[in-house]
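Structural overview
Here are the chains, one letter per residue:
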Amino acid sequence: MKKAMLSAVMLVVLIVFPNPAFAEDFTIKDFKIDAQLETDGNVQVKERLTYEFDGSFNGITRDIYPKEDSKISDLHADENGKPLKIEGNGGSYKIYRKAKDENVTIELSYTIEGGVEKYSDMAQFYWPFFDDRNETDFGNVMITVRPPEVTDDVIAMGYDAARGSEKTDKEGTVVFNLGKISAGTNADVRIGFDEALFSEAVRTSDKKIRPVLEKEQQSLIAAQARYDKMHKLSGTVAPYLFGGAVLLLLLIGVYTMRLQNKRREQAVLDYPEAYFVPEAIMSLPSTLRYTVPHVGSTQVQTTALLDLLRKGYIKKEGEDAFRVVSRDTEYEHERLLIEWLFDGFGDGQTFSYSNLDVLEGDKLSAQQEVNKYNTLQSAWEKSIREEIDNNHMKGGGKGVRVLSVIVGFLLIAPMIVFGIYGQTMWLLFLIIPSLILVLFGLLYAPKTVKGLGIQYQWDAFRKRLPDVSATDLNDQLDDEQKRAVIFGIGTKTWDEKKMEDLNSIYERGYVPPIMYYFPIGTLAYSQLNRADSAVAASTTSSSSSSSSGGGVGGGGGGAGAF
């Protein structure tokens, strides 16, 4: 549980604070846009982009998507008066200028044909110079919009990232000082001027637009006031909310440690260390799966096969084959293992490792066999887990789990508020406790006294295994010896050579019964591991993604480098 929570925290940190080391990168430090409105309704735009390159690049990109009923023309690029090559169409352009570990300033100029919409009382310039399709952060963004002539009849406003950033000077020029703009952000600008300034422009509509602009401006001013109020309030509340979440995590941590310690103390009393092999409360494969951390699937399969042999459900035939003796098994997963190997790949009565050769290769028939293998293996693994669950190895702590999940999800609401009202730092801070609380509530499953007791007994036995002598084994019943050997093989604690040395006191030609399982286990592990590797090699995966977006009127764009 602790490792899962730690992994989740590390994942969040990596997402929130990615490590850019050793990657070629660039930054757009400065982005200035100057739009000169003309009397004919066209707009002459000049852009100045300053890049900081870290690594080698061939140039920059600029996406300029016009609104409906408008057009981009006469696109030029230069650096210090020197023209640069441009390629592209449909709104996406590449400007070629090789750069390596340096700062570069590139100037673009283009015309927006039909950029101004003329009404009966006013004309408006309503434009997205970039939008949510942009994939690059911009630093120090400033948009300047100039009327054809000096005027004091101006209504200006900005949307999204441009809201509240507008300033109008005495000549009627409007400056939107946006500062830093994150990738995927809209920032439409909208300015209304006296329609008489655009004498050569074709009227778009005979309707009046001044009332619309004035109402919209007042609405934006009121929205900005509400935003400022909520920004201040959320900033005041955030530290207390974050502190409360951290405090709850600490209290939960103390509770879980005390609960675990109390149960562990009781487990030692109820399940004392066994003299030799612990009592068989669960089957050997389930015991191995439960008590040994990160045990491999092949190890559990090998243990399960040897245990079928120990119980007499199957018998060995030849070097690498087995025959079914009885299907009246004690556990469901034992029946499923026979069904998996003997029915799925054998002839129903016998199974040989050579039957698994059908899993190898790239033919369709091999893939079909792999699918069958996966299906049967999954059913067997599920039954192993069900036996463990039915023994109630984990449980309790329901109240703290429910509380943790509820609080974790409740924190999503203030995080949304923090995101909306510009409290990005507190949003990021709150992600971690919220995620930990939810994961804790969903994944926390403390071991019961029984679970801890069984773990304690088998851990102690596993630690003693390397020091077990031949005399120790002789003093035990045959079935206990077999269980000990099978568990030792499954955990890779014992090997055949060591046990041969331990049993060298026996007369020549006599092989102790416990030595029967070592060559079978070694071969079983090798062949089952080969099968699992063949199945894993046949697995393939694929992924796809898509995106869409845009500013006002379908226009917008972005910038980058290549």
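Every chain is numbered independently, its residues counted from 1 as its sequence is written. Note on the predicted model: pLDDT of at least 70 is required for a residue's local features to be given, and 80 or more for side-chain atom pairs to be given and counted; whole-chain, interface and lining totals, by contrast, use all residues. Side-chain numbers come from the whole structure's heavy atoms, not from hydrogens or water.

The subject of this paragraph is the pairing of strand β4 (residues 71–79). For a regular strand, side chains alternate in direction, first toward one face of the sheet and then toward the other. The rule for pairing is simple: two strands pair if DSSP sees at least two bridges between them. Secondary structure counts use DSSP, requiring at least four H or I residues in a row for a helix and at least two E residues in a row for a strand, with both numbered from the N terminus. Strand direction decides the pairing type here: β4 and strand β8 (residues 103–113), joined by 6 bridges, are antiparallel. Looking at β8, one finds that K71 is bridged to E113. Pairing between β4 and strand β5 (residues 82–83): 2 bridges, direction antiparallel. Counted as the bridge partner of D78 is P83 from β5.

A separate point is a negative patch on the surface. Taken together, the side chains of D25, E52, D54 and D101 make up a negatively charged region of the molecular surface. Within the element layout of this structure, D25 appears in strand β1 (residues 25–37). On the accessibility criterion, D25 (37% relative accessible area) is partly exposed. A residue counts toward a patch only above 30% relative accessible area and without a salt bridge, and it is joined to like-charged neighbours within 9 Å or, for Val, Leu, Ile, Met, Phe, Trp and Tyr, to nonpolar neighbours within 5 Å. A 1.4 Å probe and the Shrake-Rupley method give the accessible areas. Residues count as covered only by the protein chains that appear here. One side-chain nitrogen of Lys or Arg within 4 Å of one carboxyl oxygen of Asp or Glu is enough to make a salt bridge. Under the convention used here, Asp and Glu are negative, Lys and Arg are positive, and both His and the chain ends fall outside the count. Charged side chains are reduced to one point each, which is NZ for Lys, CZ for Arg, CG for Asp and CD for Glu. The rule is simple: take the accessible area with a 1.4 Å probe, protein chains only, and divide by the maximum for that residue type; under 20% is buried, over 50% is exposed, in between is partly exposed.

A few words now on the side chain of T256. Examined against the element boundaries, T256 turns out to sit in helix α2 (residues 210–270). When its relative accessible area of 13% is taken as the criterion, T256 is described as buried. A polar contact of 2.8 Å, which involves the side chain of T256, links it to the backbone oxygen of G253. Those residues in contact with T256 that lie beyond four places of it in its chain are F440 and Y444. Polar contact is defined as a pair of N or O atoms within 3.5 Å, subject to the rule that within protein one atom must be able to donate a hydrogen and the other to accept it, and that residues adjacent in sequence are counted only when both atoms are side-chain atoms. Whether two residues touch is decided by their heavy atoms; if any such pair falls within 4.5 Å, the residues are in contact.

Attention shifts here to the layout of surface pockets. When its volume is computed, the second largest pocket comes out at roughly 390 Å³. Around the second largest pocket sit 13 residues that line it, and A161, Y227, G419, G422 and T424 are the ones nearest its centre. Mapped by element, the contributors of at least two residues to the lining of the second largest pocket are α2 and α8 (412–420). The residue makeup of the lining of the second largest pocket, split by class, is 4 nonpolar, 5 polar and 4 charged. Every definition here rests on a 1 Å grid over the protein atoms only: cavities are sets of points where a 1.4 Å probe fits but cannot get out, pockets are open sets enclosed by protein on both sides within 12 Å along at least five of seven lines, and lining residues have some atom within 4 Å of a point. Grid points are joined across faces, edges and corners, and a volume is the space filled by probe spheres set on the points. Each residue receives one of three labels: charged for Asp, Glu, Lys and Arg, nonpolar for Ala, Val, Leu, Ile, Met, Phe, Trp, Tyr, Cys and Pro, and polar for the others, Gly being one of them.

This part covers the sheet that holds strand β18 (residues 350–352). Taking strand neighbours across the sheet as the criterion, the 3 strands line up as β16-β17-β18 in an open arrangement whose pairing is antiparallel. Two strands close off the open sheet at either side, each with one partner strand: β16 (314–317) and β18. Taking the axes of each pair of neighbouring strands and ignoring which way they run, one obtains an average angle of 25° across the sheet. In terms of strand pairing, β16 meets strand β17 (residues 321–324) through 4 bridges, oriented antiparallel. Within the sheet, the bridge partner assigned to K315 lies in β17 and is R323. Between N-to-C directions, angles cover 0 to 180 degrees, with each direction set by a line fitted to C-alpha atoms, over the stretch in contact for helices.

What follows covers the nonpolar core. Residues belong to one nonpolar core when they are buried, are Ala, Val, Leu, Ile, Met, Phe, Trp, Tyr or Cys, and are joined through side-chain atoms within 4.5 Å. In terms of nonpolar packing, the biggest core is built from 54 residues, with F322 and L359 touching the most fellow members. Going through the elements one at a time, α3 (284–291), α4 (297–311), β17, α5 (332–343), α6 (364–390), α10 (449–464), α12 (478–490) and α14 (517–537) are the ones with two or more residues in this core. No other element matches the 8 residues that α14 contributes to this core. Beyond its immediate chain neighbours, meaning those up to four positions away, F322 contacts L305, L309, I314, K315, K316, E317, F342, Q349, T350, F351, Y353 and I520. Of all hydrophobic cores here, the second largest spans 51 residues; its members include Y51, V104, L108 and A123.

This next bit is on α10. In this scheme, a helix's expected span is set at 1.5 Å multiplied by one less than its residue total. If you check α10, its first and last C-alpha atoms are 23 Å apart, about what 16 residues at 1.5 Å a residue would give, namely 22 Å. For α10, every residue scored as buried is listed here: G451, L452, G453, I454, Q455, Q457, W458, A460 and F461. On its buried face, α10 is in contact with α2, α3 and α12.

Our next topic: the pattern of salt bridges. Counted by the stated rule, this structure contains 26 salt bridges. Put simply, E47 and R62 hold a salt bridge, and the shortest N to O gap is 2.8 Å. With E47 in strand β2 (residues 43–54) and R62 in strand β3 (residues 56–65), this residue pair connects regions lying 15 residues apart in the sequence. For E195, the salt bridge is made with K118, and the minimal N-O distance between the two is 3.8 Å. Of this pair, E195 sits in the loop between β15 (189–194) and α2 while K118 is found in strand β9 (residues 116–118), placing the two residues 77 residues apart along the sequence. By relative accessible area, which is 18% here, E195 ends up buried.

Within the secondary structure layout, T448 lies in the loop between α9 (424–443) and α10. Since its relative accessible area comes to 16%, T448 is described here as buried. With 53 residues separating them in the primary sequence, T448 and G395 have C-alpha atoms 5.9 Å apart. Ignoring sequence-local partners within four residues, the contact set of T448 consists of R263, H392, M393, K394 and G395. One polar contact links the side chain of T448 to the main-chain amide nitrogen of G451, over a distance of 3.1 Å.

Moving on, we get to the environment of F31. By secondary structure assignment, the location of F31 is in strand β1. Exposure remark for F31: the relative accessible area of 0% places this residue in the buried category. For the pair F31 and I106, spaced 75 residues apart in the sequence, the C-alpha separation amounts to 10.0 Å. Residues contacting F31, with those up to four places away along its chain left out, are E47, R48, L49, R62, F130, F138, G139, N140, V141 and M142.

Before going further, it helps to spend a moment on the confidence of the model for the protein. Per residue, pLDDT captures the predictor's confidence, and it can take any value from 0 to 100. Per-residue confidence for the protein averages 85 on the pLDDT scale, and 86% of its residues sit at or above 70. In the model, residues 15–23 has pLDDT below 50 throughout and makes 3 contacts with residues more than four positions away in sequence or in other chains. For the stretch residues 540–547, pLDDT sits under 50, and the model shows 0 contacts to residues farther than four places along the chain or on other chains.

Attention now moves to the environment of N391. Its location among the elements puts N391 in the loop between α6 and α7 (398–410). N391 gets classed as buried once you look at its relative accessible area, which sits at 12%. When the C-alpha atoms of N391 and G451 are compared, they prove to be 8.3 Å apart, with 60 residues separating the residues in sequence. The residues touching N391, leaving out its near neighbours within four places in the chain, are I281, M282 and K450. Here E387 takes part through its backbone oxygen, which lies 2.8 Å from a polar atom of the side chain of N391.

Here we take up the packing of aromatic side chains. Put simply, two rings from Phe, Tyr or Trp (the six-membered ring, in Trp's case) pair if the centres are within 6.5 Å, and we call them stacked under 30 degrees between planes, edge-to-face over 60, tilted for the rest. The final tally for this structure, using the stated rule, is 25 aromatic pairs. Note on F53 and F57: the rings are 5.1 Å apart at their centroids and 40° apart in plane angle, and the pair reads as tilted. Taken individually, F53 and F57 each receive the classification buried, so the pair is uniform in this respect. What links up through ring pairs into an aromatic cluster is the set F26, Y51, F53 and F57.

What follows is about the sheet that holds β5. Taken in spatial order, the 8 strands make up an open sheet running β5-β4-β8-β2-β1-β11-β14-β13, and their pairing is mixed. Edge positions in the sheet fall to β5 and β13 (166–168), since each of these pairs with one other strand and no more. As judged from the 10 bridges shared by β2 and β8, these two strands associate in the antiparallel manner. Bridge pairing in β8 links R48 to E107.

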